[in-house]
Amino acid sequence: MSRHTSLKVGGPVDLYAVPQDAEDLQMLVRQLTEQQIPWLAIGRGYNLLVRDGGIRGAVISLEQFNRIEAVGDGRIRAEAGAENLAVVRFGQQLGLGGVGFISGIPGTIGGAIRMNAGAYGEGVLQHTVCIALLRGGTVCEFCIDELEYGYRRLDLLPGDVVLAATLQLEPRDPAVTETEIRNDLELRRSKHNVGHPSAGSFFKNPAGQAAWRLIDAAGLRGASEGGALVSPVHSNFLVNSGNATAADFLMLSQRVKAAVLEQSGVALEEEVRIVGEEP
Ligand SMILES: Cc1cc2nc3c(=O)[nH]c(=O)nc-3n(C[C@H](O)[C@H](O)[C@H](O)COP(=O)(O)OP(=O)(O)OC[C@H]3O[C@@H](n4cnc5c(N)ncnc54)[C@H](O)[C@@H]3O)c2cc1C
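Fair warning: this is a prediction, and the values are worked out from it, not measured in the lab.

(A) Highlighting the overall build of the protein chain. Summing up its helical and strand segments, the protein chain has six helices and 19 strands in all. Its C-alpha atoms give the protein chain a radius of gyration of 19 Å, within 12% of the compact-globule value 19 Å for 279 residues. In terms of overall dimensions, the protein chain has C-alpha extents of about 50 × 50 × 30 Å along its principal axes. For the protein chain, the residues scored as buried account for 41% of the 279 residues in total. Counting contacts in the protein chain only where the partners sit at least 6 residues apart, residues at least 24 apart contribute 66% of the total.

Okay, structure coming up:
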């Protein structure tokens, strides 16, 4: 899985499946269910820490599901594998905008929906009308107010696969969207250019606080365990400075959490999803 995640760590998965369309996916999930094999749907692995023992069962990549279409009333429907920037650009071409804040978030709409990815105080689910899921082998559509969600959180059932999302956009001059996109990408180039593979912010920001400040206050900017390093550029980025293992990241993460708890009394919670088995 180190080849499929931005942290570039993680042992092998038993089966890496790339279904071509919804029918293919349904058939795959039916077979896995019959044989009691667990599965995990992923996007581009920008928020995924896979343990060194890898993943027993199947990983399902939604990379072939990348169609985006206008569905009227200022709405667009994006399949799970569509890249966030492509979705913003699609809206821009139609004179629609409002989700410029996802332009620079690496990954897919499926991953963004699952994580309620966001920036500048906004989350993608605030702009989502409905979500198509594969649940229990059946395709079902949920309105957003039928689902529970919050900061970097959407409550789904184990095994749910996000197939597509319908976003509500608003009329916006394409030039304004262009400025939003460029500003976001530039800000990220200057602030997030940590020079090593990462998964973005490793920890969620606790209510009213910035995780990076707490990590700084605990004196852990630049701390390392093996090849895992608290970035000297952005201390909420844990990066792979070369040859890191998942165990290095887990050890460093525990050290950061313990130090912040002791220094500030705040229990940090990982934003990255940690999956897989110990070796
Ligand atoms: C440099 C950098 C900057 C970042 N900046 C931000 C930021 O500003 N804001 C932010 O929120 N995040 C940020 N991230 C984290 C990451 O980009 C987001 O979480 C993104 O939404 C992950 O998308 P993905 O497609 O790679 O999902 P993955 O990492 O592949 O998956 C993330 C989770 O969603 C699940 N999942 C993915 N697709 C599906 C699906 N179709 N159905 C069901 N479950 C699914 C996976 O199982 C996993 O639990 C950053 C990451 C990096 C590397």
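And the narrative resumes.
(B) Quick look at the sheet that holds strand 6 (residues 75–79). Across the sheet, five strands lie side by side as 5-6-14-10-11; this open sheet has antiparallel pairing. The two strands at the open ends of the sheet, each matched to only one other strand, are strand 5 (68–72) and strand 11 (138–143). Sheet twist, expressed as the average angle between the axes of neighbouring strands with direction ignored, equals 20°. Where strand 10 (residues 128–135) meets strand 14 (residues 161–168), six bridges bridge the pair, whose relative direction is antiparallel. Bridge pairing in strand 14 places Ala132 opposite Ala164.

(C) Layout of unusual backbone geometry. One non-glycine residue, Arg152, adopts positive backbone phi at about 55°. One can find Arg152 in the loop between strand 12 (149–150) and strand 13 (153–154). Positive phi values are uncommon outside glycine, yet Asn243 reaches one of about 60°. Here Asn243 shows up in the loop between strand 18 (238–240) and helix 6 (246–264).

(D) Summary view of helix 1 (residues 22–34). With 13 residues, helix 1 extends 18 Å between its outermost C-alpha atoms, agreeing within 8% with the 18 Å of an ideal straight helix rising 1.5 Å per residue. At the exit of helix 1 stands Gln36, carrying a positive phi of roughly 55°.

(E) Highlighting the domain arrangement of the protein chain. According to the domain assignment, the protein chain contains domain 1 (13–61), domain 2 (68–191) and domain 3 (211–275). The straight-line distance from the C-alpha centre of domain 2 to that of domain 3 is 28 Å.

(F) A look at the nonpolar core. In terms of nonpolar packing, the biggest core is built from 69 residues, with Ile113 and Phe249 touching the most fellow members. In contact with Phe249, not counting residues within four places along its chain, are Leu7, Val9, Leu49, Ala228, Leu238 and Ala244.

(G) Spotlight on the environment of Arg114. You can see Arg114 is positioned in helix 3 (residues 109–115). Residues Arg114 and Phe249 lie 135 residues apart in sequence; the distance between their C-alpha atoms is 23 Å. Excluding anything up to four places from it in sequence, Arg114 contacts Leu154 and Val162.

(H) Fine view of helix 6. For helix 6, built from 19 residues, the straight-helix expectation of 27 Å at 1.5 Å per residue is met to within 8% by its first-to-last C-alpha distance of 26 Å. Every buried residue of helix 6 is accounted for by Ala246, Asp248, Phe249, Leu252, Ser253, Val256 and Val260. One face of helix 6 carries all of its buried residues, which in axial projection span an arc of 150°. Away from its buried face, by an angle of more than 90 degrees, helix 6 presents the exposed residues Gln254 and Glu262. Considering only its buried residues, helix 6 is in contact with strand 3 (48–50), helix 5 (211–217), strand 16 (224–225), strand 17 (228–230) and strand 18. Just beyond helix 6, the residue with positive phi is Gly265, at close to 75°.

(I) Representation of the site of the ligand in the model. For the ligand, the set of nearby residues contains 31 residues, the closest of which are Gly43, Gly107, Gly110, Gly111 and Gly200. Listed by contribution, the elements that provide at least two residues to the shell around the ligand are strand 2 (39–42), helix 3, strand 8 (118–119) and strand 14. Counting residues per element, the shell around the ligand draws most heavily on helix 3, at five residues. Across the shell around the ligand, the residue classes break down as 16 nonpolar, twelve polar and three charged. In terms of domain composition, the shell around the ligand takes at least three residues from each of domain 1 (13–61) and domain 2 (68–191).

What counts, and at which threshold
- Residues numbered from 1 in each chain as written.
- Predicted model: local features only at pLDDT ≥ 70, side-chain atom pairs only at ≥ 80, totals over all residues.
- Helix = DSSP H or I, 4+ residues; strand = E, 2+ residues; numbered from the N terminus.
- Rg over C-alpha atoms; globule rule 2.2 N^0.38 Å.
- Buried ≥ 20, exposed ≤ 12 C-beta atoms within 10 Å, placed from the backbone.
- Contact = placed C-beta atoms within 7 Å.
- Pairing = 2+ DSSP bridges.
- Axes fitted to C-alpha atoms, helices over the stretch in contact; angles between N-to-C directions.
- Expected span 1.5 Å × (residues − 1).
- Domains from an automatic or database assignment.
- Core = buried A, V, L, I, M, F, W, Y, C linked by C-beta atoms within 7 Å.
- Arc of directions from axis to C-beta.
- Near = placed C-beta within 6 Å.
- Nonpolar A, V, L, I, M, F, W, Y, C, P; charged D, E, K, R; others polar.

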